[in-house]
Amino acid sequence: GKNDWFLPSKDELNLIHKNLFKVGVDGFGNHYWTSSESSEDGVWYQSFFNGYQSTADKNDDDDYSVRAIRSF
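On a predicted model such as this, the values are computed, not experimentally measured, just so you know.

Conventions used here
- Residues numbered from 1 in each chain as written.
- Predicted model: local features only at pLDDT ≥ 70, side-chain atom pairs only at ≥ 80, totals over all residues.
- Heavy atoms only, no water.
- Salt bridge = Lys/Arg side-chain N within 4 Å of Asp/Glu carboxyl O.
- Helix = DSSP H or I, 4+ residues; strand = E, 2+ residues; numbered from the N terminus.
- Buried < 20%, exposed > 50% of the residue type's maximum accessible area, 1.4 Å probe, protein only.
- Phe/Tyr/Trp six-rings, centres within 6.5 Å; stacked < 30°, edge-to-face > 60°.
- Lys NZ or Arg CZ within 6 Å of the ring centre and 35° of its normal.

Asker: Is there a simple way to think about the pattern of salt bridges in this case?
Answerer: Between side chains of opposite charge, a pair can form when the charged atoms approach closely. The full count for this structure, using the stated rule, is three salt bridges. With a shortest N-O distance of 2.9 Å, D4 and R70 are connected by a salt bridge. Taken together, the positions of D4 in the segment before β1 (5–6) and R70 in strand β5 (residues 69–70) put the pair 66 residues apart, joining distant regions of the chain. You can call D4 partly exposed: its relative accessible area is 24%.

In structure tokens, the structure reads:
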């Protein structure tokens, strides 16, 4: 019933990786899309396997997940 969910930016998702994943919080996949655009056709993604951030084409059929977060 909450309506304050959003797709995190690349910096926010990186903080999630650093503060939760690295200390053993489980349940994360490998790659997640962020809300941060890199260009008109590009978007940033975050690897939860190794912490790497990179860009991909928005129209790629890559098997990336999304992880919505709530405002706090």
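Asker: Is there a simple way to think about the packing of aromatic side chains in this case?
Answerer: For any pair of aromatic rings, the description rests on two quantities: the centre-to-centre distance and the angle between the ring planes. Applying the stated rule across the entire model yields three aromatic pairs. Seen from their ring centres, Y45 and Y64 are 4.6 Å apart, and the 40° between their planes marks the pair as tilted. In this pair, Y45 sits in strand β3 (residues 42–47) while Y64 sits in the loop between β4 (53–57) and β5, placing the two residues 19 residues apart along the sequence. Here the two residues Y45 and Y64 agree in accessibility, since each one is buried. Every member of this aromatic cluster is reached through a ring pair, and the members are W33, Y45 and Y64. Here the guanidinium or amino end of R70 rests over the ring plane of W5, the centre of that ring lying 5.9 Å away.

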